[in-house]
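Chain by chain, the residues:
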Amino acid sequence: MASDPADIGRELGVEHERYAFSPRYNVPPGSALPIVCDSVSDTGEILRCLETAGWGLVPGWAKDLKIGFRAFNARSETVADKPMFRSAFARRRCVVPVSGYYEWAVEDGEKTPWLMHGDGWLFLAGLYEFAKCDALGIPETDPRVTEGWYVSTTILTMPSQGHLVDVHDRMPLMLDREGVDRWCEQVETKGEALSILDVALQAVDVDRVERYRVSRAVGNVRNDGPELVAPVSE
């Protein structure tokens, strides 16, 4: 999260912004992420919003924030039917804009981190949820809380394609610019949501993604600085 997502607000048609940017280079689950979503206003208008969400989905029925640490990713193959995700998949889809993401590959018996990035932003398909912050024991001053609700998100994954297969067998579901609008669209049924998912899966183009090795220092979440995204030699 090295760049301010507000910079792409005009491109994505954002009308309401509630995200305080600070550059970060090592973002673990539980952290605050920016999400772009379409929501219905009190007057029935569809507003595109840039919001803050905790990484790790916490459904409205949850009583413990820790449930989110088991739900920072959602498999695209099962997301429509898993109780943890199915409601959000049908009604609350969002996009997580990132500068890049890390993945670990096993090379010569050792784990090696890679940074995946694009020419500009990567738009990751996600879901979001709301849960009462008092039920979770979270203060309303938490940046992930909006008007008494804890906002959380998860990122969809899919089988890796193209050159990313060499790094890991899974990858995030990445959207192009048109895919952002389709993914955020408000629909009424599970079938419509599945159609949106199918189009998104078919449109993935991993040739837009570049990658290089980075330092193993990224494996320690206490490390956070621009040196983490510097390429290292083979």
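Residues numbered from 1 in each chain as written. Predicted model: local features only at pLDDT ≥ 70, side-chain atom pairs only at ≥ 80, totals over all residues. Heavy atoms only, no water.

Trainee: Can you walk me through the overall build of the chain in this structure?
Mentor: On a plain count of helices and strands, the chain comes out with five helices and 11 strands. The C-alpha atoms of the chain give 17 Å as radius of gyration, which agrees with the globular expectation for 234 residues (17 Å, within 12%). Judged by the C-alpha coordinates and their principal axes, the chain covers about 55 × 40 × 35 Å. Evaluated residue by residue, the chain yields a buried proportion of 49% over its 234 residues. Taking as baseline every contact in the chain between residues at least 6 positions apart, the subset at least 24 positions apart corresponds to 66%. With an accessible surface of roughly 11,800 Å², the chain has 50% of that area assigned to carbon and sulfur atoms. (Helix = DSSP H or I, 4+ residues; strand = E, 2+ residues; numbered from the N terminus. Rg over C-alpha atoms; globule rule 2.2 N^0.38 Å. Buried < 20%, exposed > 50% of the residue type's maximum accessible area, 1.4 Å probe, protein only. Contact = heavy atoms within 4.5 Å. Areas by Shrake-Rupley, 256 points an atom, 1.4 Å probe, with all protein chains shown as cover.)

Trainee: Please clarify how the pattern of salt bridges should be interpreted in this entry.
Mentor: Opposite charge on two side chains allows them to pair when their charged atoms are near. Throughout the structure, instances matching the rule amount to 12 salt bridges. A salt bridge links Arg 18 to Glu 51, with the nearest nitrogen and oxygen atoms 3.0 Å apart. One end of the pair, Arg 18, is in the loop between strand S1 (16-17) and strand S2 (32-40); the other, Glu 51, is in strand S3 (residues 46-55), with 33 residues separating them in the sequence. The partner of Glu 178 in a salt bridge is Arg 182, and the shortest N-O contact between them spans 3.9 Å. Pair noted here: Glu 178 and Arg 182 are both in helix H4 (residues 177-184), with a separation of four residues, about one helical turn. Since its relative accessible area comes to 29%, Arg 182 is described here as partly exposed. Several salt bridges share partner residues, and in doing so they unite Asp 38, Arg 48, Arg 177 and Asp 181 into one network. (Salt bridge = Lys/Arg side-chain N within 4 Å of Asp/Glu carboxyl O.)

Trainee: Sorry, what's going on with the side chain of Glu 51 here?
Mentor: You can call Glu 51 buried: its relative accessible area is 13%. At 3.0 Å, the side chain of Glu 51 forms a polar contact with the side chain of Arg 18. In contact with Glu 51, not counting residues within four places along its chain, are His 16, Arg 18, Tyr 19, Leu 33, Pro 34, Ile 35, Cys 37 and Thr 146. (Polar contact = N/O pair within 3.5 Å; in protein donor to acceptor, adjacent residues only side chain to side chain.)

Trainee: How should I be thinking about the nonpolar core in this particular structure?
Mentor: For soluble globular proteins, nonpolar side chains are generally found buried alongside one another. Counting 67 residues, the largest nonpolar core has Leu 156, Leu 173 and Trp 183 as the members making the most contacts within it. If you tally residues by element for this core, the top one is strand S6 (residues 110-132), at 10 residues. If sequence neighbours within four positions are ignored, Leu 156 has contacts with Ala 74, Ser 76, Val 79, Ala 125, Gly 126, Leu 127, Met 171, Pro 172, Leu 173, Trp 183 and Leu 197. (Core = buried A, V, L, I, M, F, W, Y, C linked by side-chain atoms within 4.5 Å.)

Trainee: Can you help me understand the environment of Phe 130 in this one?
Mentor: Locating Phe 130 in the fold gives a position in strand S6. Distance in space between the C-alpha atoms of Phe 130 and Val 95 is 16 Å, their sequence separation being 35 residues. When sequence neighbours within four positions are dropped, the list of residues in contact with Phe 130 reads Val 58, Pro 59, Gly 60, Arg 92, Trp 149, Tyr 150 and Val 151.

Trainee: Before we go on, may I ask you to explain the packing of aromatic side chains in this structure?
Mentor: Think of a pair of aromatic rings as described by two things: how far the centres are apart, and how the planes are tilted against each other in angle. Summed over all chains, the structure comprises four aromatic pairs. Between Tyr 128 and Phe 130, the ring centres sit 5.7 Å apart and the planes meet at 85 degrees, which makes this aromatic pair edge-to-face. In this structure Phe 130 comes out as partly exposed when scored by relative accessible area, which is 34%. With 6.5 Å between their ring centres and 80 degrees between their planes, Phe 130 and Trp 149 make a pair best called edge-to-face. Of this pair, Phe 130 sits in strand S6 while Trp 149 sits in strand S8 (residues 149-159), and the two are 19 residues apart along the sequence. The ring centre of Trp 183 lies 6.0 Å from the NZ or CZ of Arg 93, which sits over that ring. Above the plane of the ring of Trp 114 lies Arg 211, whose end atom (NZ or CZ) is 4.6 Å from the centre. (Phe/Tyr/Trp six-rings, centres within 6.5 Å; stacked < 30°, edge-to-face > 60°. Lys NZ or Arg CZ within 6 Å of the ring centre and 35° of its normal.)

Trainee: Help me understand the environment of Cys 133 in this model?
Mentor: You can see Cys 133 is positioned in helix H3 (residues 133-136). Apart from the residues lying within four places of it in its own chain, the contact partners of Cys 133 are Ile 138, Glu 140, Val 145, Gly 148, Trp 149 and Tyr 150.

Trainee: Explain the pairing of S8 here, please?
Mentor: Along any regular strand, the residues point their side chains to alternate faces of the sheet. A large share of S8 lies buried, amounting to nine of its 11 residues. The sheet contact formed by S3 and S8 spans two bridges and is parallel. When the sheet's bridge partners are listed, Gly 54 is paired in S8 with Ser 152. Relative to S8, strand S4 (residues 73-75) is paired through three bridges, and the arrangement is parallel. Bridge assignment links Arg 75 to a residue of S8, and that residue is Thr 157. Relative to S8, S6 runs antiparallel, the two being bridged by seven bridges. In the sheet register, Ala 131 faces S8, and the bridge partner there is Tyr 150. Pairing between strand S7 (residues 145-146) and S8: two bridges, direction antiparallel. In the sheet register, Thr 146 faces S8, and the bridge partner there is Trp 149. By the bridge criterion, three bridges tie S8 to strand S9 (residues 170-172) in an arrangement that is antiparallel. Within S9, the position partnered with Pro 159 by the bridge is Arg 170. (Pairing = 2+ DSSP bridges.)

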